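# Working through the structure, step by step
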Amino acid sequence: MNNKRRFKTRIGKKEYTLIGAASDQHMRAVAKILNDDLTKLKSQSQNLSEEDAAILLAFNAISEQLDKQLELDQLKAQLEHDNSDQTDTTR
C-alpha cells in the first residue's frame, strides 16, 4: 500500500513540497525545528550562504543521528547482556 502524502511547507525563504509517509503533525514539527535551527545558525554567522547553512544543518543532523544510533546500539547490547545473565541465573 502506498501511504505517501504531499506536505507543503516553507523552509528558510523557499517553499517546498515534500513527499513522505509521516503525519502532517510530524512534518510540521520537523519543519519548525529546521527553521528554528536555520534561524539560529544564520544569526550566529550572518555571512553564511543559504547553501552553506543547509550543509551545516545536514552535517549536524547526521552527526546527531550517528550519536543516537551508537547510543541505541549500546542499549541493545546491554539489554541482550542483561537478558543472557537472567537466563543463566534461572538455569
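Residues numbered from 1 in each chain as written. Predicted model: local features only at pLDDT ≥ 70, side-chain atom pairs only at ≥ 80, totals over all residues. Heavy atoms only, no water.

The name an unreviewed UniProt entry assigns to the chain is Cell division protein ZapA, from the organism Fructilactobacillus hinvesii.

Another aspect to go through is the pattern of salt bridges. With the rule as written, the count across this model stands at five salt bridges. Salt-bridge contacts for arginine 10 lead to glutamate 15; the nearest nitrogen and oxygen are separated by 3.1 Å. Since its relative accessible area comes to 49%, glutamate 15 is described here as partly exposed. One salt bridge connects lysine 32 with aspartate 36, and the closest N-O pair in it is separated by 2.7 Å. Note that lysine 32 and aspartate 36 are positioned in helix H1 (residues 24-44) at a spacing of four residues, about one turn of the helix. Here aspartate 36 falls in the partly exposed class, since its relative accessible area comes to 40%. (Salt bridge = Lys/Arg side-chain N within 4 Å of Asp/Glu carboxyl O. Buried < 20%, exposed > 50% of the residue type's maximum accessible area, 1.4 Å probe, protein only. Helix = DSSP H or I, 4+ residues; strand = E, 2+ residues; numbered from the N terminus.)

On to the layout of surface pockets. The method is simple in principle: a probe with the dimensions of a water molecule rolls over the atoms, and the space it marks as empty is what remains. Its boundaries defined by the atoms lining it, the largest pocket holds a volume of some 280 Å³. Together, Val30, Ile33, Leu34, Asp37, Lys40, Leu41, Gln44, Leu57, Asn60, Ala61, Glu64 and Gln65 line the largest pocket. The set of elements that each furnish at least two residues to the lining of the largest pocket consists of H1 and helix H2 (50-89). Along the lines of polarity and charge, the residues of the lining of the largest pocket split into six nonpolar, three polar and three charged. In this structure, the second largest pocket spans a volume of roughly 200 Å³. Counting only elements with at least two residues in the lining of the second largest pocket, the list comes to strand E2 (14-20), H1 and H2. The element best represented in the lining of the second largest pocket is H2, accounting for three residues. A class-by-class count of the residues in the lining of the second largest pocket yields six nonpolar, one polar and three charged. (1 Å grid on protein atoms, 1.4 Å probe; cavity = no way out; pocket = protein on both sides within 12 Å on 5 of 7 lines; lining within 4 Å. Points joined across faces, edges and corners; volume = space filled by probe spheres on them. Nonpolar A, V, L, I, M, F, W, Y, C, P; charged D, E, K, R; others polar.)

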